[in-house]
Amino acid sequence: MWYNTKASELLGIQYPILQGPFGGNLSSAELVATVSNAGGLGGYGAYTLSPQEILEADKQIKALTNKPYNLNLWVSDSDMNPEGITDEQYNKAKELFKPYFDEVGIPLPEKPASFQSRFENQLEVVLDIRPKVFSFMFGVPSQDVLEQCRRLGIVTVGAATTLDEALFLENAGVDMIIASGFEAGGHRPSFLASAESSVTGTFVLLQLIREKVKVPVIAAGGIANGKGIAAALALGASAAQLGTAFLATEESNALPIHREMLFSDASKYTTLSRAYTGRLGRGITSRIAKEITGKEMDILPFPLQTTFMSPLRKAALDQQKWDMILFWGGQISPILKHRKAGILMESLIEETAAYFDGLKV
């Protein structure tokens, strides 16, 4: 059967359909459980959470499902110099973004304080929780950590945006690799070269990685229905991961206006931008993202840019200035159809099965 893949076996799931884990408070226990209970693998993005918040989120997930699920962290959660940013850096960012703060009528924020990495403390909690799956982005944990995961029976999944990154992950000893194409919404998880130079499409990247690595490969980016899943499996993927399609459902923690934007005509146009967080990410094209293009040198490093932009985003939401906000979403958004995660899962399974049964989809 089409769903009997190496990924399904390793992950302990019925169908090789994964829900992309969303960071930035966009994940929800309800969405994770809905996907896992339907035979797929729900995913929870925890990189912004404190250890205690991760424990609480995990408790909520376990109250809703006894099926396998995925907890996701960012190995590298800061791009800044340990000494922080200089006054000159901050002043350049202020000058660049001042017109937008003036437009919404709020003062520019104070210079953001230095950021201390949370990854090690978060990781300790994840290892204590022992989820079935631990996925990570922006690098790979140490050999000691991967060995601990093996001993604890945790399946490790790393994200690659290039063939070089996939080879690096395989050599490190991860169990599975996500081929993250540039069509995908959200941040580009590149870690060996710049995100701007790591923009291979999903199905090309999938084939390159599948040709060169032995571990199972998960296709991600530009997949939102059963036809996309079937295409990924036909090209050698062992599973498909869907982000935007699940982000748009009522069970996600995205704001109602965010979900509406993903179903609107605006979703036809997406942009890769560093303007909102300091790291390159894809969302529905905004006025700020367009106007900041070419001025990235004056943007603060991640995650300080996120802190800097937070009051502007809040004010823009309050004033319904939607064109000032980058709503995360992938290039596939215009074909989205389902607003309920359970119905989406049913559709994905039926469409994929119909394709492999030789029926018209």
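The rules behind the values
Residues numbered from 1 in each chain as written. Predicted model: local features only at pLDDT ≥ 70, side-chain atom pairs only at ≥ 80, totals over all residues. Heavy atoms only, no water. Pairing = 2+ DSSP bridges. Helix = DSSP H or I, 4+ residues; strand = E, 2+ residues; numbered from the N terminus. Axes fitted to C-alpha atoms, helices over the stretch in contact; angles between N-to-C directions. Contact = heavy atoms within 4.5 Å. Expected span 1.5 Å × (residues − 1). Bend = angle between axes of the 7 residues up to and from the residue. Buried < 20%, exposed > 50% of the residue type's maximum accessible area, 1.4 Å probe, protein only. Parallel < 35°, antiparallel > 145°, perpendicular 65-115°, else oblique. Left-handed = near helix turned anticlockwise from the far one by under 90°. Nonpolar A, V, L, I, M, F, W, Y, C, P; charged D, E, K, R; others polar. Core = buried A, V, L, I, M, F, W, Y, C linked by side-chain atoms within 4.5 Å. Phe/Tyr/Trp six-rings, centres within 6.5 Å; stacked < 30°, edge-to-face > 60°. Lys NZ or Arg CZ within 6 Å of the ring centre and 35° of its normal.

Novice: I would appreciate a short explanation of the sheet that holds strand β9 (residues 239-242) in the present structure.
Specialist: Hydrogen bonds between backbone atoms are what pair the strands of a sheet, whose relative direction is either parallel or antiparallel. Reading across the sheet, the 8 strands line up as β1-β9-β8-β6-β5-β4-β3-β2 and stay open at both edges, with parallel pairing between neighbours. This sheet does not close on itself; its edge strands, each paired only once, are β1 (17-19) and β2 (42-45). Neighbour to neighbour, the strand axes of the sheet diverge by 25° on average, direction disregarded. Contacting β4 (133-137), β5 (155-160) and β6 (176-180), helix α7 (residues 163-172) crosses the sheet at an angle of about 160° to β5.

Novice: I keep staring at helix α13 (residues 304-318) and nothing clicks. Help me out?
Specialist: Think of an α-helix as turning once every 3.6 residues; residues three or four places apart then point the same way. Given a rise of 1.5 Å per residue, 15 residues ought to cover 21 Å, and the 22 Å separating the end C-alpha atoms of α13 matches this to within 8%. Considering bend angle alone, the principal kink of α13 is centred on Ser310 and spans about 40°; proline Pro311 follows within four residues of it. Among all positions of α13, only Leu304, Gln305, Phe308, Met309, Leu312, Ala315, Ala316 and Leu317 are buried. Buried residues in α13 make contact with α4 (87-104), α11 (256-262) and α12 (287-292).

Novice: Would you explain the packing of helix α3 (residues 51-64) against helix α5 (residues 119-129) in this entry?
Specialist: For any two helices packed against each other, one specifies the crossing angle of their axes together with the interaxial distance. Following both chains from N to C, one finds α3 and α5 inclined at 30°, their axes separated by 9 Å at the closest point. When the interaxial angle is binned, α3 and α5 end up roughly parallel. The way α3 lies across α5 gives a crossing that is right-handed. Along its contact with α3, which presents Pro51, Ile54, Leu55, Asp58 and Lys62, the element α5 presents Asn121, Gln122, Val125 and Ile129. Looking at the contact of α3 with α5, its residues break down into 5 nonpolar, 2 polar and 2 charged.

Novice: How should I be thinking about the nonpolar core in this particular structure?
Specialist: Ranked by internal contacts, the top residues of the largest apolar core, which has 97 residues, are Ile17, Phe97, Leu242, Phe246 and Ile288. With sequence-adjacent residues up to four places away left out, Ile288 is seen in contact with Phe97, Tyr100, Ala275, Tyr276, Leu312, Asp323 and Met324.

Novice: What should I look at first to understand the packing of aromatic side chains in this one?
Specialist: Pairs of aromatic rings are described using the distance from one ring centre to the other and the angle between the two planes. What the rule picks out here adds up to 15 aromatic pairs. Ring centres of Phe97 and Tyr100 lie 6.3 Å apart, and the angle between their planes is 55°; this geometry places the pair in the tilted category. Within this pair, Phe97 and its partner Tyr100 are both found in helix α4, separated by 3 residues, close to a single helical turn. Across the pair, exposure class does not vary: Phe97 and Tyr100 are buried alike. A ring pair is formed by Phe168 and Phe191, whose centres lie 5.7 Å apart and whose planes are at 70°; its orientation type is edge-to-face. Of this pair, Phe168 sits in helix α7 while Phe191 sits in the loop between β7 (186-187) and α8 (202-212), and the two are 23 residues apart along the sequence. A relative accessible area of 39% means that Phe168 is categorised as partly exposed. These aromatic residues form a ring-pair network of at least three members: Trp2, Tyr3, Tyr15, Tyr355 and Phe356. We note Arg279 situated over the ring of Phe138; from NZ or CZ to the ring centre the distance is 4.2 Å.

Novice: So what exactly am I meant to see when it comes to the environment of Phe246 here?
Specialist: Structurally, Phe246 is set in helix α10 (residues 244-247). Each C-alpha atom, one on Phe246 and one on Ser333, is 11 Å from the other, the two residues being 87 residues apart in sequence. Apart from the residues lying within four places of it in its own chain, the contact partners of Phe246 are Leu18, Gln19, Phe22, Leu31, Val35, Ser252, Ala341, Leu344, Met345 and Leu348.

Novice: Explain the environment of Ala289 to me, please; I cannot follow it from the model alone.
Specialist: Structurally, Ala289 is set in helix α12. Spatially, the C-alpha atoms of Ala289 and Ala275 are 5.9 Å apart, while their sequence positions differ by 14 residues. Every residue in contact with Ala289, bar those within four places of it in the chain, is listed here: Thr271, Ser273, Tyr276 and Leu326.

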